[in-house]
Amino acid sequence: SAEEKLSASFMKGMKSLFDKPGNKEDDETATKTTSSAEDVARQVNRAAASSCKAAARLERVGKGALINAEKTLRDVEESAAFELGRCQELIAAYRRLEFKTGTG
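Here we summarise the structure given alongside this text. (Residues numbered from 1 in each chain as written. Predicted model: local features only at pLDDT ≥ 70, side-chain atom pairs only at ≥ 80, totals over all residues. Heavy atoms only, no water.)

## Quick word on the pattern of salt bridges
Okay, so step 1: Under the definition given, this model contains two salt bridges.
Okay, so step 2: Linking Lys 71 and Asp 75 is a salt bridge whose minimum nitrogen-to-oxygen distance equals 2.9 Å. Within this pair, Lys 71 and its partner Asp 75 are both found in helix α3 (residues 69-96), separated by four residues, close to a single helical turn.
Okay, so step 3: Taking the relative accessible area as the measure of exposure, Asp 75 reaches 33% and is therefore partly exposed.
Okay, so step 4: The partner of Glu 83 in a salt bridge is Arg 86, and the shortest N-O contact between them spans 3.7 Å. Of this pair, Glu 83 and Arg 86 are both found in helix α3, three residues apart, which corresponds to roughly one turn of the helix.
Okay, so step 5: Here Glu 83 falls in the partly exposed class, since its relative accessible area comes to 38%.
Okay, so step 6: Arg 86 gets classed as partly exposed once you look at its relative accessible area, which sits at 43%. (Salt bridge = Lys/Arg side-chain N within 4 Å of Asp/Glu carboxyl O. Helix = DSSP H or I, 4+ residues; strand = E, 2+ residues; numbered from the N terminus. Buried < 20%, exposed > 50% of the residue type's maximum accessible area, 1.4 Å probe, protein only.)

Right, dumping it as structure tokens:
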């Protein structure tokens, strides 16, 4: 399997660290191991970045879910009461107007 190949390659690379320098096969193994380790590190970094993005999205969704329905209802009621008061003032002002009629 791929994991076994990676593990065997990694072990050869580790062994090459302690062997005598100049062995071409060991140098190639070390290079392959380093390349594989770099690939794994890139994949881990990508996975971590994706996890961070997902966590940020979940946090935004969570904040949106915390909208206080009671406060929203209270705000709507206050706005409606204000508009009703304005309408009543306009009606009272209209009634105070003296219209001149053609009869009289």
